[in-house]
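Chain by chain, the residues:
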Amino acid sequence: MTLVLPDKLAVKMPKMATHASRASSVLLAIEASSFNSCWAPRQANLVFRRSTCRSRFFSMATRGYPEALEKLYQLQSNRTTTQRFDKTAAPQELNSAAIPEMLGWLRRAGYSPQDLARMRHIHVAGTKGKGSVCAYATAMLRKCGAVGTYTSPHLVSPRERIAINGEPVGQDEFARAFFEVWDRFTEAARTQGKSAAQAEGPESKPFFFRFLTILAWHIFLSKGIKSVVMECGIGGEYDATNVLPPEAVSAAVISQLGIDHVAMLGDTVEQISWHKAGILKRGVKGFTRRLDRQPSVMDILRARASEKGANLVEVDDAQVEQWGGVEGILGGDFQKYNQALAVMAVREHLAMNSDPAAALRDIPREMVEGLREARLRGRCEVIENEDVTWLLDGAHTRESLEEVARWLSQSLKKHETVIMIFNQQERDATQLLAGLLDAINRESRRGDVFRHALFTRNDQTRPPSEEPVDMSVQEAAAALMAEKVPGCSTSMFCNIEDTVAEARRIAGHQIGGGKPKVLVTGSLHLVGGIMRALEPDTLL
């Protein structure tokens, strides 16, 4: 049996493996492989090798966390779902069915939109900055009481998506809630006349993101959580999270906008803005950064707010610049704009004055502490090893990579060089890489920041020797690097473990200049894989 996992994969299986070995000499092996949004079969294989006592072993198996993961990754993946848009000439038909379908799944799980109104949500959409806004809002709200947070994607564990007071839910709690929701879908399928096998199987369940969205609400409601920070998955208007009724939303945030997911959302920033603004609700304040250089985008946002009866609050850059932000764990000068949006939303959530001019002048001490303490793994993150300083940022759009360039340039010492690890398997990798290099040259005023560049796939470990591997993305990126930075040596790898080993080898041969630095960017999936390689003891 092969279990497909997209995540970390040094799962420590508690007593189950011990009991199984007594019953049937079971060897549990986890092979880490590619981590990407399609959850492809080679991403990670959990292989059970067992003797003839197979049936006896499974009769002993409990419904614990390993079994929950096994079933979770049987669900239709996010990548499979989004690929439907690549193959249709009528994406609007798929989009228009999304909310009715999600409402149906919510009902099968035993909930209605009115049940969700027992909680008050800060609902966050945008192309970039969503995760930071959620992290800041969560850190501030936890100073006032319990807060649930739902975000995506995850870097190492699916539990990262569902957090209580900023901490992922535990394995036991995840498993308990998972099977409660799974069984509700199974029972609903039985009542509709499905066979026992069909009802129990994944075909009677929503796809991956929808299931986890409902699971998050189930956990929050069961724990009596009243305050929730909820990040949209893709877009807004047709996103699974947008079944929230107006009375369940205390504030909406639309963070910075750009081009992403064009098959689903359109290929212009105006079209994408229309989708993101879909989370605006009647009678609810929505906060966004006023984009004076993008008047057409602002026209869309204002029109959508009017259409939906929402109050759009536009936060002026000049006000944010005058305030200056709060220096904290999340690095980057740009974060002050995300902080400002989070402050406005939290103040509105807490029934405080949320007028930008006044609110930024009078931020309570507890909220300032929250801004300082906010964490978001994989964004402007620094991991210090004994031999290497790893700079990790999962930026994967032109705008976010420009912010990475600023962040990196601010940390550079005179004449210091950096090793780069880069990949982007789903978008135009060479275009994004070119933009990153141009931005670094501009910000650092140097063309020699990189002496070594490593281009890898997102597979965690080396595939079987007989398995063909498509390295065209890496080859194109390496060719571009050689053209734009002639003094930089390039290497290509089919897996992350070998890439990390090579980066460490190169770093070990550098002489002088302090501890070597490695910049990892281009993809959250890449960053997640690097984290698993650097922190192999982290639990799934």
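The shown structure was predicted, so the numbers you read here are calculated from the model rather than taken from an experiment.

Considerations on the sheet that holds strand 13 (residues 389–393)
(1) Moving on: The mixed open sheet is built from six strands, whose spatial order is 12-13-17-14-15-16. Both outer strands of the open sheet, strand 12 (381–384) and strand 16 (489–493), are each paired with one neighbouring strand and no more. Adjacent strand axes in the sheet meet at a mean angle of 20°, parallel and antiparallel pairs treated alike.
(2) Moving on: Relative to strand 16, strand 15 (residues 450–456) is paired through five bridges, and the arrangement is parallel. Pairing of Ala 453 across the sheet is with Thr 490, part of strand 16.
(3) Moving on: Contacts between helix 19 (residues 429–444) and the sheet are confined to strand 14 (418–422), strand 15 and strand 17 (517–521), with strand 14 contributing the most and set at about 155° to the helix.

Structural notes on the UniProt feature "binding site: Mg(2+)" (unreviewed entry) in the protein
(1) Moving on: Taking the numbering used here, the UniProt-annotated feature "binding site: Mg(2+)" (unreviewed entry) corresponds to Ser 152, Glu 231 and His 261.
(2) Moving on: Along the chain, the position of Glu 231 falls in strand 8 (residues 227–231).
(3) Moving on: Non-local contacts of Glu 231, meaning those with residues more than four positions away in its chain, are made with Val 124, Lys 130, Gly 131, Cys 134, Tyr 150, Thr 151, Ser 152 and Thr 241.

Points about the UniProt feature "binding site: ATP" (unreviewed entry) in the protein
(1) Moving on: Here the UniProt feature "binding site: ATP" (unreviewed entry) sits at Arg 379 and Asp 393.
(2) Moving on: Inspection of the secondary structure puts Arg 379 in the loop between helix 17 (365–373) and strand 12.
(3) Moving on: Residue classification places Arg 379 among the partly exposed positions, given a relative accessible area of 22%.
(4) Moving on: Those residues in contact with Arg 379, other than ones at most four positions away along the chain, are Leu 330, Leu 392, Asp 393 and Leu 524.
(5) Moving on: Tracing the sequence through the fold places Asp 393 in strand 13.
(6) Moving on: What makes Asp 393 buried here is its relative accessible area of 7%.
(7) Moving on: Those residues within four positions of Asp 393 in sequence are excluded, and the remaining contacts are Gly 378, Arg 379, Cys 380, Val 404, Trp 407, Val 520, Thr 521, Gly 522 and Val 527.
(8) Moving on: In this structure the side chain of Asp 393 is engaged in a polar contact, spanning 2.8 Å, whose partner is the backbone nitrogen of Cys 380.

Things to note about helix 12 (residues 269–276)
(1) Moving on: Every buried residue belonging to helix 12 is among Val 269, Ile 272, Ser 273, His 275 and Lys 276, and all of these are buried. For helix 12, the angular spread of buried residues about the axis comes to 160°, placing them on one side.

Digging into the sheet that holds strand 4 (residues 120–125)
Paired through backbone hydrogen bonds, the strands of a sheet run either parallel or antiparallel to each other.
(1) Moving on: In spatial order, the strands read 7-6-5-8-4-9-10-11; together these eight strands make up an open sheet with mixed pairing. Two strands bound the open sheet, and with one partner strand each, they are strand 7 (167–168) and strand 11 (311–315).
(2) Moving on: Looking at chain direction, strand 4 and strand 8 are connected through five bridges and run parallel. Counterpart to Val 124 in the pairing with strand 8 is Glu 231.

Some points on the state of the cysteines
(1) Moving on: Evaluated as defined, the whole model comprises zero disulfides.
(2) Moving on: With no disulfide of its own, Cys 134 lies 8.9 Å from the sulfur of Cys 232, the closest cysteine sulfur.

Re the nonpolar core
(1) Moving on: Leu 72, Phe 178, Leu 215, Trp 217 and Phe 220 are the most contacted members of the largest nonpolar core, which totals 48 residues.
(2) Moving on: Going through the elements one at a time, helix 3 (65–72), helix 5 (91–108), strand 6 (162–164), helix 8 (171–191), helix 10 (208–222) and strand 8 are the ones with two or more residues in this core.
(3) Moving on: Of all the elements, helix 10 adds the most residues to this core, at 11 residues.
(4) Moving on: Within the second largest apolar cluster, 37 residues are counted, among which are Cys 134, Ala 135, Ala 251 and Ala 340.

Things to note about helix 15 (residues 335–349)
(1) Moving on: With 15 residues, helix 15 extends 21 Å between its outermost C-alpha atoms, agreeing within 8% with the 21 Å of an ideal straight helix rising 1.5 Å per residue.
(2) Moving on: The buried count for helix 15 comes to 14 of 15 residues, which makes it a mostly enclosed element.
(3) Moving on: Once helix 15 ends, the next one or two residues include Ala 351, with phi positive near 60°.

Side note on the pairing of strand 11
(1) Moving on: Examined bridge by bridge, strand 10 (residues 285–289) and strand 11 share five bridges and lie parallel to one another. Bridging from a neighbouring strand, Arg 289 pairs with Val 315 of strand 11.
(2) Moving on: As for the winding sense of the linkage, the β-α-β connection from strand 10 through helix 13 (residues 295–308) to strand 11 is right-handed.

Cut-offs used in this document
- Residues numbered from 1 in each chain as written.
- Predicted model: local features only at pLDDT ≥ 70, side-chain atom pairs only at ≥ 80, totals over all residues.
- Heavy atoms only, no water.
- Pairing = 2+ DSSP bridges.
- Helix = DSSP H or I, 4+ residues; strand = E, 2+ residues; numbered from the N terminus.
- Axes fitted to C-alpha atoms, helices over the stretch in contact; angles between N-to-C directions.
- Contact = heavy atoms within 4.5 Å.
- UniProt positions renumbered as here; feature names shortened; annotations may be inferred.
- Buried < 20%, exposed > 50% of the residue type's maximum accessible area, 1.4 Å probe, protein only.
- Polar contact = N/O pair within 3.5 Å; in protein donor to acceptor, adjacent residues only side chain to side chain.
- Arc of directions from axis to C-beta.
- Disulfide = S-S within 2.5 Å.
- Core = buried A, V, L, I, M, F, W, Y, C linked by side-chain atoms within 4.5 Å.
- Expected span 1.5 Å × (residues − 1).
- Right-handed = clockwise from strand over helix to strand, strands pointing away.

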